[in-house]
Amino acid sequence: MSAPELEIAPQKALRPPSSVMRLRRMGAMFPTRLSFLRTLMRDLSANNVQVERRVWRMDDAGFGHAVYSVSLGGYDYSLVAISTDLPPDLRTDRVIATAWDSAYVLYDGIPSEAEIARIVASAPKQEAARFTERDLVLSRANKSVRLFQHVTDALKSGVQPDEAMVRDVGYLMRTTAVYGNGKFGIADRGHIAARPCLGGPFAAEMLTVWLIRGFTHDLAEHVGGAALDAKLKRHLGIGNSTGLGMAPFLVSHPRLLDSWMQVRETALARIAALPTLKSAQQAKILDLAARAGRHLNEWSVPDEIAAERIAQLQRDWPAVQEMLAVKLAMPEPISAILDAAEQWFEDTQELLIALLLEPFGDLIDGLTECMANPYGAELDPSMPIEDLKALIKRDWDWATALDFESKEETAQFWYVSEAKQEPRLGLRHEEDGAKLESPLDIARQVANLATALEGAQGITAELVLKRPDLRFAVRRVQTLAIAPYGEIRDNMIADRCLPIDMLRCKLSFFGAAKFDPKSDRWTRITLCQGAPLFDELASADDWWLPCFGE
Amino acid sequence: MRSANEISAMVLKAARGAGLPLGCAEELARAAPVLASTGDLICVTGVLELACEAPSFEQGVVKGGHPVQAVVAWQDLTAAGVKAKLECDVEGALLSALCERVSVVGPFEVDETLWVNLSQFAAKMLVPESEASRLAGAGAGLSDND
């Protein structure tokens, strides 16, 4: 008997990193069905997960604690949720706050009374407390005071809350940090990396966030003394405020970033190779395009740059829908659509790509198994200097062409603040501290490496022996050669670098939508909006860019 | 108890604070959880006190310089197929942790005095901030009462 033949889905060429890995495009990304939340929801559904509320000790005002448990892939996990009475003057959604409306731990297993007591005492202190390896994720959230008050008042008076207000705010609470991977003594990622369903990037964090969202529903119903309409509840996701702290992650994890991007780009390349679409698939895409249009109309933000981009999307979208109606029936339709999309700006292109992936789960969902990447950046000390030079010439022209003597290209510097040990961005030519800058100046370091290599010979090991200051840049160059989507191909210290673009990229992989930038360096987002409720996991996979009431 | 990730992140910052070149600090950070797993993390603080100098490589011998830099350089040469001997005063635990390239999962017991010592090195990389830079640098408002 012969071995079965491997069937590899045909695919078109991947979009080149020189286009995909530009900050402007990364800052235009949308969530897709490959995003971590979507993957988790499919896993929860496939595993027939039931959420059990084991403990509910809340006073009438909604202060106390609760425990929710799920069994997933042969392991139990529990969310311990603590709700406290927070004076308004302490409520800030910046990471530097010291008190919150609620605090959470995702616990490995079912916590005993003693463990619950430990977590109830420590979790509200967040960074100021120490945790154990049984604690997998640590988080906290503040109420959307306006909406929480309105919802509970309405329920108390026997009516459902105002639909417009639920639609516009979209969440009862927003998290201001979701810590994983060993922070403050919680479990190293290595504890769960090999476990079913929880080994994917940020899977434990996404499980935490989804459970928190369900808790906020329960809490509002408890305080209001009545049930929320399921339609409203489904629209109530969980907010999140994210700032600069998240930005360096993409730079310090080049192999992981490469995996995320390669998965998405490979998925796109696969669907681009489809010879034709069935009529049901065509109808689904047109239906999703209409939904995306309605979603755009529900997405309104005060930030000027973001608002203008949304307005442009809204202006482009009818033409996109017209184009789809024509091209979907053609041969190699997705490929034709991608070609036609070149006429629009990055945001429209990226929204269209996220949309096009949606109906093809059978073809692309399996790729999410490749999102995790256990490898770090390695140095190849045997590489001849000539090869290193050739790599720089081939892959780094975007960096070596820049003038790092100019003020514009060196305008900003990343640093870690003394006060809260959080990443910050300063103005090099106006503030002190640039001597202590964090190594996000990849482009400049590689440009310096290129200069240092002029006239050099021999092998890498000899070079970095004499010039250990170049070791970091050499490793970046060699890593990019094997992980082509691992590097953001822009100068992160230039005056034009907007950290919000890095945040948007990472958050879209989480599955975030409704980006609501508050400046060029922090943003509010909504997670889990339209996601299945605790008792709706059976039909869990059609909530890409949800619209209110659908 | 400290997680492996905490230990590694702390040693990376401490090594940078001590002046080790970033690429070498990364190697020490990678080795740190392995050292902690065998109770040998204390040897890190010893090497952080030393001057950061590149070793020499003459007549097949890697010699002198900062021990972390010397071990890393010797390892690079060996991995590249260059015959090299290492003449360097370095603790066996540190040498093998730098060479082994295994990854371990915490948590591990770390002596509090040692942790404070590492924190002091790490603190050298922190930038004091004014209220103005705090607001501009993070770009956020202060109130969340909406």
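A short tour of the structure in this document, coming up. Along each chain, residue indices are assigned from 1 in the same order as the chain's sequence is written. Here every chain gets a letter starting at A, and every ligand a number starting at 1, in the order they are written. This being a predicted model, a pLDDT of at least 70 is required before a residue's local features are given, and a value of 80 or more before pairs of side-chain atoms are given or counted; all residues contribute to the totals for chains, interfaces and linings. For the side-chain quantities, the full set of heavy atoms in the structure was used; hydrogens and water were omitted.

Okay, the overall build of chain A next. Looking only at helices and strands, one finds 21 helices and 11 strands in chain A. In terms of overall size, chain A behaves like a compact globule, its C-alpha atoms giving a radius of gyration of 24 Å where 550 residues would be expected to give roughly 24 Å. The principal-axis extents of the C-alpha atoms in chain A amount to approximately 80 × 60 × 60 Å. We call a residue buried when its accessible area falls under 20% of the maximum for its residue type, exposed when it is over 50%, and partly exposed in between, using a 1.4 Å probe and counting protein chains only. The buried share among the 550 residues of chain A stands at 62%. Only heavy atoms enter the contact rule, under which two residues are in contact if any of them lie within 4.5 Å. Within chain A, counting contacts between residues at least 6 apart in sequence, those at least 24 apart form 75% of the total. For chain A, the computed accessible surface area is about 21100 Å², with 51% contributed by carbon and sulfur atoms. Just so you know, the count uses Lys and Arg for positive and Asp and Glu for negative, and it drops His and the chain ends. Charged groups are reduced to one reference atom each: NZ for lysine, CZ for arginine, CG for aspartic acid, CD for glutamic acid. Looking at chain A, you have 62 positive and 76 negative side-chain charges, and the mean spots of the two groups are 1 Å apart. Each helix is a run of DSSP H or I of at least 4 residues and each strand a run of E of at least 2, with the numbering of both proceeding from the N terminus. Here the globule rule reads 2.2 Å times residues to the power 0.38, and the radius of gyration is calculated from C-alpha atoms. Each accessible area value is a Shrake-Rupley result obtained with a 1.4 Å probe; residue values ignore everything except the protein chains displayed when judging cover.

Moving on to helix α5 (residues 92-100) of chain B. Residue and element names in this part refer to chain B. Within α5, burial applies to L94, A97 and L98. Viewed along the axis of α5, the buried residues span an arc of 95 degrees, placing them on a single side of the element. Taken together, the buried residues of α5 touch α2 (22-37), α3 (42-48) and α4 (67-79). Phi turns positive one or two residues past the end of α5, at R101, with a value near 60 degrees. Think of the arc as the fan of directions from the helix axis to the C-beta atoms.

What follows is about the sheet that holds strand β4 (residues 126-127) of chain B. Strands sit in the order β9(A)-β8(A)-β4(B) across an open sheet of three strands; the sheet is mixed. Edge positions in the open sheet fall to β9 (423-427) of chain A together with β4 of chain B, since each of these has one partner strand only. Pairs of strands are assigned from DSSP output, requiring at least two bridges between the strands. One ladder, built from five bridges, connects strand β8 (residues 412-417) of chain A with β9 of chain A; its direction is antiparallel. From the neighbouring strand, V416 of chain A faces β9 of chain A, where its bridge partner is P423 of chain A.

Time to look at the packing of α4 of chain B against α5 of chain B. Residues and elements named next belong to chain B. Look at α4 against α5: their axes get within 10 Å of each other, and the N-to-C directions meet at 45 degrees. As summarised for this structure, α4 and α5 are arranged oblique, according to the angle between their axes. Classified by chirality, the crossing of α5 by α4 is right-handed. Between α4 and α5, the residues in contact are V68, V71, W74 and Q75 and L94, L95, L98 and C99, respectively. Every axis corresponds to a line fitted to the C-alpha atoms, with the helix fit spanning only the stretch in contact, and the corresponding angles, defined between N-to-C directions, vary from 0 to 180 degrees. Any angle from 65 to 115 degrees is called roughly perpendicular, while one under 35 is roughly parallel, one over 145 is roughly antiparallel, and all others are oblique. For a crossing to be left-handed, the near helix must be turned anticlockwise from the far one by less than a right angle; the clockwise case is right-handed.

Another aspect to go through is the nonpolar core. L207, M261, L324 and M502 of chain A are the most contacted members of the largest nonpolar core, which totals 158 residues. Here this core takes 11 residues from helix α7 (residues 203-224) of chain A, the largest share from any one element. Filtering out sequence-adjacent residues up to four positions away, L207 of chain A remains in contact with L40, L44, V70, Y77, L106 and L198 of chain A. If you look at the next biggest cluster of nonpolar residues, it comprises 35 residues, including L20, L41, V68 and F108 of chain B. Buried Ala, Val, Leu, Ile, Met, Phe, Trp, Tyr and Cys residues form a nonpolar core when they are joined through side-chain atoms within 4.5 Å.

The interface of chain A with chain B comprises 59 residues on the first partner and 50 residues on the second. The term buried area denotes the loss of accessible surface (1.4 Å probe radius) that occurs when two parts are joined, taken as the sum for both partners. For the pair chain A and chain B, the two sides together bury roughly 4200 Å², of which 51% comes from carbon and sulfur. What makes a salt bridge here is a side-chain nitrogen of Lys or Arg within 4 Å of a carboxyl oxygen of Asp or Glu, nothing more. Summed over the shared surface of chain A and chain B, the result is seven salt bridges. With a closest N to O distance of 3.1 Å, R101 of chain B and E378 of chain A form a salt bridge. Whenever a nitrogen or oxygen atom comes within 3.5 Å of another N or O atom, the pair is scored as a polar contact, on the condition that within protein one atom can donate a hydrogen and the other can accept it, and that pairs from neighbouring residues in sequence are kept only if both atoms are in side chains. Inspection of the chain A/chain B interface yields 20 residue pairs in polar contact (both at pLDDT 80 or more).

Now for the pattern of salt bridges. Any two side chains of opposite charge can pair, given that their charged atoms come close. Residues and elements named next belong to chain A. Inspection of the entire model under this criterion finds 52 salt bridges over all chains. Across the salt bridge formed by D541 and R33, the nearest N and O atoms sit 2.8 Å from each other. Pair noted here: D541 is in the segment after β11 (523-527) and R33 is in the loop between α2 (23-26) and α3 (36-46), with a separation of 508 residues, a long-range link. Overall, the relative accessible area of 6% leaves R33 in the buried class. Between D542 and R291 there is a salt bridge, and its shortest N-O distance comes to 3.0 Å. Of this pair, D542 sits in the segment after β11 while R291 sits in helix α11 (residues 279-298), and the two are 251 residues apart along the sequence.

What follows is about unusual backbone geometry. Excluding glycine, a negative phi dihedral is what most residues carry, and trans is how most peptide bonds are arranged. With an omega of 5 degrees, the peptide bond between G106 of chain B and P107 of chain B qualifies as cis. Along the chain, P107 of chain B falls in the loop between α5 and α6 (112-123). If you check the backbone angles, N181 of chain A has positive phi at about 50 degrees while not being a glycine. Positionally, N181 of chain A belongs in the loop between β6 (171-179) and α7. Judged by its relative accessible area of 31%, N181 of chain A falls in the partly exposed class. In this structure, F184 of chain A takes a positive phi of about 55 degrees despite not being glycine. Summarising the element assignment, F184 of chain A is placed in the loop between β6 and α7.

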